[in-house]
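# A closer look at the structure
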Amino acid sequence: MHDVIIIGAGPAGLSAALWCDELGLDTLVVEQASEVGGQLLRVYNPVENYLGVRAATGRELRDLFAAQAEERDFDLWTEAEIESVDVRAKRVRLRSGEELQSIALVIATGVRRRRLGVEGEKEFEGRGVLESGRLERESVAGEDVLVVGGGDAAAENALLLAETCATVTLVHRGKTLGARAEFAERVRADHRITVFTEATLERIMGGERVESVEIRRAGALKPLRMAVRGVLVRVGVEPNTELFAGQLHTDERGYVVVTGEQETSAEMVFAVGDVSNPLAPTVSGAAGAGATAAKVIASRLKASRK
Ligand SMILES: Cc1cc2nc3c(=O)[nH]c(=O)nc-3n(C[C@H](O)[C@H](O)[C@H](O)COP(=O)(O)OP(=O)(O)OC[C@H]3O[C@@H](n4cnc5c(N)ncnc54)[C@H](O)[C@@H]3O)c2cc1C
């Protein structure tokens, strides 16, 4: 029996663990990935908005977090696959068969990139379906590529890819780009970028790697087939809450609803970081929420043990 089980070792989970350790709680962190850090592992741009630190990449910031975590006494299990969670009982069952039990549970599972779910998207991952415009633009230099999405991430990636690619087609289902004005204006001004609004990507096709796509434009009877060598999808994120489905109060998009103390609709079950923060997902917010949950848990346990 642990005092606290924390699910997820991104910034929120690590901050909660650090604070739980600081406050003398017996803490176990369960992380599905092979290393800690969550989304920071995929942040290739500098992170200069976390107080007190300037990091050249997310990984650099993650390395600082990981080093600090290693100095602490809490247990951390990586590559731990959770089969099920009984939220009210605070019982976590792993695929390996182990069953873990705690007095308090902290959900710090963050968010993942939303997929379109179209044909070819998974099949051509790493073979033309790109993970990052910044990292992979050289691999598609001189080629025609497609970016899907209309927000900041899509616009930023279209601009990055336009620096090396022959052409970039930006496909967005809305009527206008939702990206911030600075990005949207630069996209419109870039002669290598063509924007298709009210359009959706329907299919990605190819052999060894991506060769073409089918796009459906509003009002068109037939999909338009385009030859491209790269496809990058940036259509937002979704919370990792499947394990808790039906057990906790969530909003219409699946984000866990919490109180000011980070507590969910189940007593002594807390949610911290992006998984419960659709409006302002940041490293600072995640770290702060982790600290809040830990302090609340510690004071409740202290009161109950008096
Ligand atoms: C490209 C990009 C740039 C960004 N730039 C900035 C920036 O400049 N400044 C800033 O403040 N923020 C930035 N962010 C956002 C920031 O990375 C997030 O707000 C932060 O990582 C959220 O931390 P988190 O711990 O809540 O979630 P995450 O980082 O998503 O971590 C969640 C962790 O939970 C694990 N997990 C999920 N499901 C399970 C499960 N079932 N079992 C076990 N473990 C599980 C995941 O593997 C992951 O390790 C950026 C994000 C991206 C993608």
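The structure contained in this document is the topic of the report that follows. (Residues numbered from 1 in each chain as written. Predicted model: local features only at pLDDT ≥ 70, side-chain atom pairs only at ≥ 80, totals over all residues. Heavy atoms only, no water.)

### Some remarks on the overall build of the protein chain
Our working rule: Where helices and strands are cited, they refer to DSSP runs of H or I of at least four residues and of E of at least two residues respectively, numbered from the N terminus. Buried means the residue's accessible area, taken with a 1.4 Å probe over protein chains only, is under 20% of the maximum for its type, while exposed means over 50%, and partly exposed covers the values in between. Contact criterion: two residues are considered in contact whenever any of their non-hydrogen atoms come within 4.5 Å of each other. Per-residue accessibility takes into account occlusion by the displayed protein chains alone, with areas from the Shrake-Rupley method and a 1.4 Å probe. His is not counted here, nor are the chain ends, while Lys and Arg score as positive and Asp and Glu score as negative. Where a charge lies is defined by one atom per residue type: Lys uses NZ, Arg uses CZ, Asp uses CG and Glu uses CD.
In terms of regular secondary structure, the protein chain is built from 6 helices and 19 strands. In terms of overall dimensions, the protein chain has a C-alpha envelope of 70 × 40 × 35 Å along the principal axes. Counting across all 306 residues of the protein chain, residues that qualify as buried make up 47%. When contacts within the protein chain are restricted to residue pairs at least 6 apart in sequence, those whose partners lie at least 24 apart make up 58%. When the accessible surface of the protein chain is summed, it comes to about 15,200 Å², and 47% of that surface belongs to carbon and sulfur atoms. The centroid of the 38 positive side-chain charges in the protein chain is displaced by 5 Å from the centroid of its 47 negative side-chain charges.

### Concerning the site of the ligand
Definition in use: Here a residue is near a molecule or strand as soon as one of its heavy atoms is found within 4 Å of it. The definition of a polar contact used here is a pair of N or O atoms within 3.5 Å, where within protein one atom must be able to donate a hydrogen and the other to accept one, and adjacent residues in sequence count solely through side-chain atom pairs. Gly falls in the polar group here, along with every residue not listed as nonpolar (Ala, Val, Leu, Ile, Met, Phe, Trp, Tyr, Cys, Pro) or charged (Asp, Glu, Lys, Arg).
The ligand sits among 27 residues. The nearest are Glu31, Gln39, Asn49, Asp274 and Val283. At 2.9 Å, a backbone N or O of Asp274 approaches an oxygen atom of the ligand. In isolation the ligand has 1,000 Å² of accessible area, and contact with the protein removes 85% of it. Secondary-structure elements contributing two or more residues to the shell around the ligand are α1 (11-22), β3 (47-50) and α6 (283-305). For the shell around the ligand, the class distribution of residues is 14 nonpolar, 11 polar and 2 charged.

### Brief notes about the environment of Arg134
Topologically, Arg134 is positioned in helix α3 (residues 133-136). Residues Arg134 and Ser84, spaced 50 residues apart in sequence, show a C-alpha to C-alpha distance of 36 Å.

### Overview of the pattern of salt bridges
Defined as follows: Take a side-chain nitrogen of Lys or Arg and a carboxyl oxygen of Asp or Glu: if they are within 4 Å of each other, that pair is a salt bridge.
Under the counting rule described, the total for this entry stands at 27 salt bridges. In this structure, the salt-bridge partner of Asp86 is Arg91, at a minimum N-O distance of 3.9 Å. Judged by relative accessible area, Arg91 falls into the partly exposed class, the value being 33%. Measuring nitrogen to oxygen at the nearest pair gives 2.5 Å for the salt bridge that ties Glu163 to Arg137. With Glu163 in the loop between α4 (152-162) and β12 (167-171) and Arg137 in the loop between α3 and β11 (144-148), this residue pair connects regions lying 26 residues apart in the sequence.

### Notes on the sheet that holds β12
Two strands in a sheet stick together by hydrogen bonds in their backbones, pointing the same way (parallel) or opposite ways (antiparallel). The line we're drawing: DSSP calls a pair of strands paired once it identifies at least 2 bridges connecting them.
Here we have 5 strands laid out as an open sheet, ordered β10-β17-β11-β12-β13, and parallel in their pairing. A single partner strand is all that each edge strand has here, and the edge strands are β10 (129-130) and β13 (193-196). Here β12 pairs with β13 via 4 bridges, running parallel. Across the sheet, Val168 pairs through a bridge with Ile193, a residue of β13.

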